[in-house]
Amino acid sequence: MLSWIERFVSSSVGRKALMALTGLMLIGFLIAHLAGNLSLFAGDGGTAFDAYAHAISSLPILPIAEVALALLFLGHIYLAVKTTRENRRARPQGYSVTGTHGEKSFASKTMFPTGVVILAFLIKHLWDFRLQKEAFEEAPYASVQQALSDPLTASVYMLGILALGIHLSHAFGSALQSLGANHPKYTPALRAIGKVLAVALTLGFISIPIYFWLGGSSS
Amino acid sequence: MSSQFKLDSACPSGPIESRWDNHRFEMKQVNPANKRKFKILVVGTGLAGGSAAATLAELGYNVTSLCIQDSPRRAHSIAAQGGINAAKNYPNDGDSIYRLFYDTVKGGDFRARESNVYRLAQVSNNIIDQANAQGVPFAREYGGHLANRSFGGAQVSRTFYARGATGQQLLLGAYSAMNRQIHAGKIDMRTRREMLDLVTIDGVARGVICRNLITGELERYAADAVLLCTGGYGNVFYLSTNAKASNVTASWRAHKRGALFANPCFTQIHPTCIPVSGDHQSKLTLMSESLRNDGRIWTPKERDDGRPGDQVPEDERDYYLERRYPAFGNLVPRDVASRAAKERCDSGYGVGNSKQAVYLDFKDAIARDGEDAVRAKYGNLFHMYEKITDENPYQRPMRIFPAVHYTMGGLWVDYNLQSTIPGLFVLGEANFSDHGANRLGASALMQGLSDGYFVIPATVCGHLAGANLQPVTTSHEAFAAVEHEVREKTDKLLSIGGSRSVDSFHRELGLTMWDKCGMARSESGLREAVDKIRGIRESFWGDVRVLGESENLNQSLEKAGRVADFLEFAETFAVDALHRSESCGGHFREESQTEEGEALRDDENFCYAAAWEFQGVGNDSTLHKEDLSFDYVKLAQRSYK
Amino acid sequence: MTLNLRIWRQKDSHAEGAIESYELPGVSSDMSFLEMLDILNEQLIGKGEEPVSFDHDCREGVCGSCGAMVNGQVHGPDTETTLCQLHMRRFKDGDTLQVEPWRSAAFPVLKDLVVDRSSFDRIQQAGGYVSVATGSPPDANSVPIPKDDAEAAFDYAECIGCGGCVAACPNGAAMLFTAAKVAHLKKLPQGQPERERRVLSMVDTMDKEGFGACTNHYECTAACPKGVPIDAIATMNREYLRATFFSKEGV
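Residues numbered from 1 in each chain as written. Chains lettered and ligands numbered in written order. Predicted model: local features only at pLDDT ≥ 70, side-chain atom pairs only at ≥ 80, totals over all residues.

**A few points about the nonpolar core**
A general feature of soluble globular proteins is that nonpolar side chains tend to end up buried together. Rules: To form a nonpolar core, buried Ala, Val, Leu, Ile, Met, Phe, Trp, Tyr and Cys residues must be joined through C-beta atoms within 7 Å. Exposure criterion: with C-beta atoms placed from backbone coordinates, a residue whose C-beta has 20 or more other C-beta atoms within 10 Å is buried, one with 12 or fewer is exposed, and one in between is partly exposed. Strands are runs of DSSP state E lasting at least two residues, helices are runs of H or I lasting at least four, and both sets are numbered from the N terminus onward. We call two residues in contact when the distance between their C-beta atoms, placed using the backbone, is within 7 Å.
Among the nonpolar cores identified, the biggest contains 321 residues, and I40, L227, L228, L411 and A574 of chain B together with L176 of chain C are the most heavily contacted of them. Considering every element that reaches this core, the biggest residue donor is helix α16 (residues 555-579) of chain B, with 13 residues. Excluding its chain neighbours within four sequence positions, the residues that come into contact with L227 of chain B are I40, L41, V42, V43, G49, A52, F425, L427 and I456 of chain B.

Right, dumping it as structure tokens:
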């Protein structure tokens, strides 16, 4: 009998823990992703980035990692949709005036919408660099440069990354809370780290489209 | 009148220490397997009702529990702040069961039954153990052991507390014990139900009629024993520290069915309440007596001193309690402290806009212990004061005035807590039993829980095993008859269609009660009160306006029924106060005082509990006396000097 | 002062409700919010209209009966305040106050501002207790409890069950309410033997009653009249994970 697992995944607390866990893993992915992408700024006309891209694409476990990553995303999205739907059902009639005592934030209130924007951006991003795999693998740096020097694409990227930043500013602290990782000594620091991380990832990622939009190293 | 009642207190004899043990041994028992054949109805879910329902269900009885609120957790016991007494003697300051017993009898001004009070003191320690085991977060010392503080009327520290919310925590403890039994199916919990009458069959209590406050339906509940745990009647004064829904209806309707009402005039006026601010006032807020541990009470030495309290120099202040009662100082019992405040205000020394207030000052405590220490102890009370008055009590002395708080009187019960109607038991504030003419601070919680956790589980089986009860269902004609009467009364209230709201009558009654039956009472005033009460009652039944329907949630209708009962009950209250021409405890008759203005008891003529028998609305009730004897605590004029 | 009140009126749980407007003169700044409703009701009775129903009892902030949204804020604009403790000095002449009942699928409106919060009781019945029979416990001082733990337990135990956390939560979640009891008993040795059963059963019931899930807005703790700390929720989450993965419960 796996009744206890079923109970866990169907409970609100269990679902939130899984959402937190998948979210934290995705943050881990983002950190690694950004670290690799920073080689775009090497100023060597793309040599470093091309080498990095080739190294990644020749990893033997890449297919497995990609499937795992996809599952993380899909799991996170599924849990978000389910939770959001149940939360809407928990208040069928809303208030005619809404107010606050000051804790709920723009980010906390928009986790679902920012998530949708991020998803849209993700699809676009996958389309650009993953589904047109051959073009990308042939000349990774050049294809990034080409894509992002288009102002429209760069704008879409910036928008997506901003949504990601807003999403992340709530995500890290929230995930720790959902996992019950709380201690009066460390929680305030961890929450602050979460905010710093959100800002750092946002700045790190957003600098890429800005960089290429402004002409990149080729100018 | 010759009486069909012989007021038999059923008190066991023998040495006081072993009376409760002997009594329990001699009582008929119900074997565990048979307990599930009995149904017990518990009305009210405060400390007494909650603890009784939980414990009886644990023992195996089928319990149905009714409460007026939307949840059993909201009963008014929840508002008790300061603490609960027990004779643990953890501080090693000389406390003992005997001392708690002695203090309570003396504090009650020798108008309580010694046997009951001794039992209360005996089980007090079990209550602390029980609550602690439930997870009640009592205050603790750094070593992890329970902390105590001092309360009025005692020179030892025996009060256990959970910050300023001891009643809440103890009630939630009882509520949690109930929840366990509800979950187990042993308690059938019915919320938003108001008991509107008692059903007796062959003179034995066999059920109640309730109104479902949501649907308005009248419901019948049959049982083998009925427990009234419905609290006190302080709201007969309209303004009191009681919750708005606190009422006398359940007790009063039981009284009309034959249960004697004892000492209705014994009312406790609590000295440390926030003064009235205007005509809109709907209730009064008490601040725990624990404030008197560190706060000093004073008025200016000059009459009509208009300066703000913090600007009156030290040598122009009269710390009148410390002056008059050097031994107990600010910790004299409540009745003494309240009367002293009234005396100051009546003599023109009152402060604030209304001049109906005295100061409670923490200046010295803050200078001695620091503001943080004071905040840690009393922060929530100061916060509450500031919210209501918009004044900062850390900077300015608080204004306080006495307010009606607790009623020592109630339905007469014997040692088994059984009323004069067999099968009808009365617990907690609703009965008259343990506090005599004045209750000491932190003793109400003790009594409620003592009655519910420890006394009633032992005594109810005496009735169940001995009464040879025939099975009864709600289809018995007695239920139909009583339900019919209740319906008629409800319909009548809705049909009057007069011009005045229920509240306006309640306020009018309250003013009369406070004026004539409040902190000081006189023969002429009480006579006037009786007339006035009759007048208000008459105009109520001719001119009240109750809107809405009976088949729906109708708060006006609920209030109307309660005020109608208060208007009948108030007369009995005044008559009791009139007949007792002595002063004792909270009952101060102006005709009976010492030269120094202290209450003067008359043991020669009034050493009894006055139990009144209903003879019809507007007719004189019949007085029955239960003589009180004091074999252990010798009768003496109380002195706290 | 004179106020413009816009109050939700609903005849019973089946009826459609609507916001009704009332102008109320003669409001004193010393009145509590409920006393202001009292005088509105007196005015309505005078006019032959049915008064506004609202739950209230102790009127000193501890019974948890009262509560309403005032301009979208739980128990009004103040912090650590119940509706009965809110005073009219907080408002000024001519203000418009929108007064609505708690909104939650698990708190159906019964009439006007009165809602049915029995779902809260059912959550407590599912495990919010220590199973100890009357008369059986040992001496209260036999197990010392660190002062800080007792104080922290009190902070959680102070919950008055008003439902404000649910009303404030954008998701209509009852996490703070449920967690307050779990965290209270978790802090004390008395709560240990049943800690796994308790948290699993209480969360199950909370979900079944139709409350939402926590997404960590922390609005509940900000709106809580007793300031029940938000770490209660983290504690409950941790207890839930612990009970799920490290106990025999549910095998």
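The discussion continues.
**A short note on the pairing of strand β18 (residues 608-613) of chain B**
To keep it simple, the criterion reads: In short, DSSP must find at least two bridges between two strands for them to pair.
Relative to β18 of chain B, strand β10 (residues 261-262) of chain B is paired through two bridges, and the arrangement is antiparallel. Opposite F261 of chain B, over in β18 of chain B, you have W612 of chain B as the bridge partner.

**Digging into the environment of S277 of chain B**
Looking at the secondary structure, you find S277 of chain B in the loop between β11 (267-273) and β12 (296-300). Along the backbone, S277 of chain B and R487 of chain B are 210 residues apart, and their C-alpha atoms lie at a distance of 39 Å.

**Digging into the interface of chain A and chain C**
Put simply, the rule is: Ten residue types, Ala, Val, Leu, Ile, Met, Phe, Trp, Tyr, Cys and Pro, are classed as nonpolar, four, Asp, Glu, Lys and Arg, as charged, and the remainder, Gly among them, as polar.
Each partner contributes to the interface: chain A provides 39 residues, whereas chain C provides 43 residues. Listing elements by their share of the side of chain A that touches chain C, those giving two or more residues are α1 (3-10), α2 (12-37), α4 (62-89), α5 (106-109) and α9 (151-178) of chain A. Per-element tally for the side of chain A that touches chain C: the top contributor is α2 of chain A, with six residues. Looking at the side of chain A that touches chain C residue by residue, the classes come out as 10 nonpolar, 20 polar and nine charged.

**Remarks on the interface of chain C and chain B**
One frequently used descriptor of interface size is the decrease in accessible area upon assembly of the parts. On the chain B side, the residues contacting the 65 residues of chain C number 63 residues. Within the residue set of the side of chain C that touches chain B, elements represented by two or more residues are α1 (33-46), β6 (109-111), α2 (118-125), α3 (147-157) and α5 (175-187) of chain C. In terms of residue count, the dominant contributor to the side of chain C that touches chain B is α1 of chain C (six residues). Here the residues of the side of chain C that touches chain B are counted per class, giving 28 nonpolar, 20 polar and 17 charged.

**What to know about the domain arrangement of chain C**
Convention followed: How far each domain reaches was decided by an automatic or database domain assignment.
Taken domain by domain, chain C comprises domain 1 (3-110) and domain 2 (118-246). Computed from C-alpha coordinates alone, the two centres of domain 1 of chain C and domain 2 of chain C are separated by 29 Å.

**Concerning helix α15 (residues 523-543) of chain B**
All names here are of chain B. Our working definition: Each helix should span, by expectation, one fewer than its residue count multiplied by 1.5 Å.
The end-to-end C-alpha separation of α15 is 30 Å, in line with the 30 Å expected for 21 residues at 1.5 Å each. L526, A529, V530, K532, I533, I536, R537 and F540 are the residues of α15 that are buried. On the buried face of α15, the contacting elements are α14 (502-517) and α16.

**Overview of the arrangement of the chains**
If you rank the two pairs of chains in contact by how many contacts each has, first place goes to chains B and C. Between chain A and chain B there is no contact; the minimum C-alpha to C-alpha separation amounts to 18 Å.

**With respect to unusual backbone geometry**
For R192 of chain B, which is not glycine, the phi dihedral falls at a positive 50 degrees. With respect to the element layout, R192 of chain B can be found in the loop between β5 (187-190) and β6 (193-201). Residue classification places R192 of chain B among the buried positions, given that 22 C-beta atoms sit within 10 Å. Not every positive phi belongs to a glycine, and N216 of chain C is a case in point at roughly 60 degrees. With respect to the helices and strands, N216 of chain C occurs in the loop between α6 (195-208) and α7 (219-223).

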